[in-house]
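# Commentary on secondary and tertiary structure
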Amino acid sequence: MISCVNLTKKYLENNKNEITVIDNISLTIKTGEFLIITGPSGSGKTTFLYLLSGLETPSIGNVYFNKQDINEMSNKQKWQFRQNEIGFVFQNYHLIPTLNVFDNVCLPLLIKNEKIDIEKVNRILSLTKILDKAKSYPEQLSGGMQQRVAIARSLIHEPKVVFGDEPTGNLDKNKAEEIMQLFKKINQELKTTIVLVTHNLNHLTYATRIIELANARIIKDVRV
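What counts as what
- Residues numbered from 1 in each chain as written.
- Predicted model: local features only at pLDDT ≥ 70, side-chain atom pairs only at ≥ 80, totals over all residues.
- Heavy atoms only, no water.
- Helix = DSSP H or I, 4+ residues; strand = E, 2+ residues; numbered from the N terminus.
- Rg over C-alpha atoms; globule rule 2.2 N^0.38 Å.
- Buried < 20%, exposed > 50% of the residue type's maximum accessible area, 1.4 Å probe, protein only.
- Contact = heavy atoms within 4.5 Å.
- Areas by Shrake-Rupley, 256 points an atom, 1.4 Å probe, with all protein chains shown as cover.
- Lys, Arg positive; Asp, Glu negative; His and termini not counted.
- Charge placed at Lys NZ, Arg CZ, Asp CG, Glu CD.
- Phe/Tyr/Trp six-rings, centres within 6.5 Å; stacked < 30°, edge-to-face > 60°.
- Core = buried A, V, L, I, M, F, W, Y, C linked by side-chain atoms within 4.5 Å.
- Pairing = 2+ DSSP bridges.
- Axes fitted to C-alpha atoms, helices over the stretch in contact; angles between N-to-C directions.

On to the overall build of the protein chain, then. Along the protein chain, the regular secondary structure elements total six helices and ten strands. Relative to its length of 224 residues, the protein chain is compact, with a C-alpha radius of gyration of 18 Å against a globular reference of 17 Å. Taking the principal axes of the C-alpha coordinates as reference, the protein chain spans close to 50 × 40 × 35 Å. Among the 224 residues that make up the protein chain, the fraction classed as buried is 51%. Partitioning the intrachain contacts of the protein chain with sequence separation of at least 6 by distance along the chain shows that 70% fall at a separation of at least 24. Taken as a whole, the protein chain presents about 11300 Å² of accessible surface, with 46% of it coming from carbon and sulfur. Where the 28 positive side-chain charges of the protein chain centre and where its 23 negative ones centre are 3 Å apart.

For the coordinates displayed, the defined rule picks out four aromatic pairs. On the basis of an interplanar angle of 70° and a centroid distance of 5.8 Å, the ring pair of Tyr-50 and Phe-88 is categorised as edge-to-face. Linking Tyr-50 in helix H1 (residues 45-53) with Phe-88 in strand S6 (residues 86-89), this pair joins segments that are 38 residues apart in sequence. Owing to a relative accessible area of 18%, Tyr-50 belongs among the buried residues under this scheme. Taking the relative accessible area as the measure of exposure, Phe-88 reaches 14% and is therefore buried. Each ring, one from Phe-65 and one from Phe-81, has its centre 5.1 Å from the other, and the planes form 70°; the classification is edge-to-face. Separated by 16 residues along the polypeptide, Phe-65 in strand S4 (residues 60-65) and Phe-81 in helix H2 (residues 75-84) bring together distant segments of the chain. For the residue pair Phe-65 and Phe-81, the accessibility class agrees, reading buried in each case. Ring-pair connections join several aromatic residues into one group, and the members of that group are Tyr-50, Phe-88, Phe-90 and Phe-163.

One finds Phe-34, Val-105, Leu-125, Ile-151 and Phe-183 to be the most contacted residues of the largest nonpolar core, which totals 37 residues. Elements with a minimum of two residues in this core: strand S3 (34-38), helix H3 (101-111), helix H4 (118-127), helix H5 (143-155), helix H6 (173-189) and strand S8 (193-197). In terms of residue count, H6 provides more of this core than any other element does, six residues in total. Dropping the residues within four chain positions of it, Ile-151 is found in contact with Val-89, Thr-128, Ile-179, Leu-182, Phe-183 and Ile-186.

Note: strands within a sheet are paired through backbone hydrogen bonds, in either parallel or antiparallel orientation. Taking strand neighbours across the sheet as the criterion, the four strands line up as S2-S1-S4-S5 in an open arrangement whose pairing is antiparallel. Strands at the two margins of the open sheet, each flanked by one partner only, are strand S2 (17-29) and strand S5 (68-69). With two bridges connecting them, S4 and S5 associate as antiparallel partners. Within S5, the residue paired with Tyr-64 across the bridge is Asp-69. Taken strand by strand, H1 contacts strand S1 (2-13), S2 and S4, and its axis lies near 125° from that of S1.

The buried count for S8 comes to five of five residues, which makes it a mostly enclosed element. Side chains of S8 alternate between two faces, with Thr-193, Val-195 and Val-197 and Ile-194 and Leu-196 buried alike. When S3 meets S8, the two strands line up parallel, connected through four bridges. Within S8, the position partnered with Leu-35 by the bridge is Val-195. Strand direction decides the pairing type here: strand S7 (residues 161-165) and S8, joined by five bridges, are parallel. Following the sheet pairing, Val-162 is matched in S8 by Ile-194.

Geometric descriptors of this kind do not, in isolation, establish any biological role.
Right, dumping it as structure tokens:
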């Protein structure tokens, strides 16, 4: 589904020193994998995730989604790619406080001017165990529940892959485990490819594949 070739990302620090955050990485991600990217702080995990999802542009190299180079897409094609093919879950939930749970989850469809299929929305709310919170507002929910809403929102347009950037980073141990169990359920039941960044080694048991980064490069790539 996703492949990258000679992927490199460099930044200028204080407009002086060039820093290589991702250094010449090539790999392929298969449909249906639950890939966890881990490594120490500063190893390039989040940058790598953003490059794979098209949120950042590489300095060198290419990223392909179903054999199409993301960075050769027009602005319209990139918008369609993000709206149709991928979902994203961040550490911070990024919910709209003035919208209830149902409307927050429907937001990607509203942006696309798609008709709301209430049964479909309810299925996603049920899968993420927030159906009973449909009329609640973000401020009325715990952090774990807010993240469930964010996950439901990432699924509503039936993406082929969901990217997660430290999605349990703001949660306590028990809530974090519940969220990882939910990602596993999504991967197994919906057959959605998951690509997730975490520094929590306890979460690695949920993966079907683990990539470890250090010093901007892959030092371990294991299927489990």
